[in-house]
Amino acid sequence: MRGALGVGALGLMLMAGCAAETKLRPVPEAGILQGGKSSAITEEAGVRLTADGSAWQGSPSDLERRVTPVYVRLENNGDRPLRLQYKNFALVGAASRFRYSALPPLSLRQATSSNDSDAPARISPAMYPVGSAWVGGGYGYGPWRGGWGPGWYGGPWGWGGSFYGAPYYYEPPLPTADMLNNALPEGTLEPGGTQEGFLYFQGVAHREDAVTLQLNLVDAESGAPFGSLGIPFQVSN
């Protein structure tokens, strides 16, 4: 009996490992490539967008199997305030033309049992190298209004353990603390300001071979659009 239970637990691990892990790689024509060609830069109307589709290093470590995280950095070198809202970001399928809008992190919250809520805390904020700077907590610098605040953490989580000697994996519910800490905040990016963080999209594995990250530029004061930015990526599973 013990051997059968151990094999069953191992089978669950193998099933979890079969899910597709999505990585986005910028295509050669994406513009200026950085970081070993894992990120690309584009600019319009004084707004510079840097995007990296393979930068996630936080918890959960297999986030790409569940959603598509994209790290973005925005620099407003223009003369008008930029409105940052998730609805203005999207991944657009190259063939399907389907628009995958960025998901508000708290919309990813899943219902958990009371047993889950008693799990001990075992997550610490992630840090991500970007050139000579470090990204942590989803915060930027320069003139800024709005955004996530400390303490916006999301629910119970945990991983690891054993079942009759066989290891098992507990899949943490989304969003994790790392996801909330490192999410791109919504708000107003004033001229001269910089903001960075992660966007989370519906998983595009096995749906798309290529997508374009799009940002619609909107004036935060008038609400008028004044351009758009796009970076094309290849989807690798």
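Quick note: structure is the one above.
Below you will find a few notes about this structure.

The rules behind these values
Residues numbered from 1 in each chain as written. Predicted model: local features only at pLDDT ≥ 70, side-chain atom pairs only at ≥ 80, totals over all residues. Heavy atoms only, no water. Core = buried A, V, L, I, M, F, W, Y, C linked by side-chain atoms within 4.5 Å. Buried < 20%, exposed > 50% of the residue type's maximum accessible area, 1.4 Å probe, protein only. Helix = DSSP H or I, 4+ residues; strand = E, 2+ residues; numbered from the N terminus. Contact = heavy atoms within 4.5 Å. Pairing = 2+ DSSP bridges. Phe/Tyr/Trp six-rings, centres within 6.5 Å; stacked < 30°, edge-to-face > 60°. Lys NZ or Arg CZ within 6 Å of the ring centre and 35° of its normal. Axes fitted to C-alpha atoms, helices over the stretch in contact; angles between N-to-C directions.

This part takes up the nonpolar core. Leu74, Phe89 and Leu213 are the most contacted members of the largest nonpolar core, which totals 40 residues. Mapped by element, the contributors of at least two residues to this core are β4 (47-52), β5 (67-76), β6 (82-84), β7 (89-93), β15 (194-202), β16 (210-218) and β17 (225-236). If near-sequence neighbours (up to four positions away) are discounted, Phe89 is found in contact with Leu74, Leu84, Arg99, Tyr100, Ser101, Ala102, Leu184, Leu199, Phe201, Gln214 and Leu215.

Time to look at the pairing of β16. Where β7 lies against β16, five bridges are found, and the strand directions are antiparallel. Within β16, the residue paired with Gly93 across the bridge is Val211. Two elements, β16 and β17, share nine bridges in a ladder whose sense is antiparallel. Following the sheet pairing, Leu217 is matched in β17 by Gly227. Between β16 and β17, which pair antiparallel and follow one another directly, the connecting turn spans six residues, one of which, Gly223, has a positive phi of 75 degrees.

For the coordinates displayed, the defined rule picks out four aromatic pairs. Ring geometry for Phe98 versus Tyr100: centroids 4.7 Å apart, planes at 65 degrees, classification edge-to-face. Members of the aromatic cluster, connected to one another through ring pairs, are Trp56, Tyr71, Phe198 and Tyr200. In this arrangement the basic side chain of Arg80 is found over the ring face of Phe226, its NZ or CZ atom lying 4.4 Å from the centre.

Looking now at the sheet that holds β17. Spatially, five strands are ordered β1-β17-β16-β7-β8 in an open sheet, and the strand pairing comes out antiparallel. With one partner strand each, in any of the chains shown, β1 (23-26) and β8 (99-101) form the two edges of the open sheet. Direction aside, neighbouring strands of the sheet carry axes that sit 35 degrees apart on average. Examined bridge by bridge, β7 and β8 share three bridges and lie antiparallel to one another. The partner of Leu91 across the bridge, within β8, is Tyr100.

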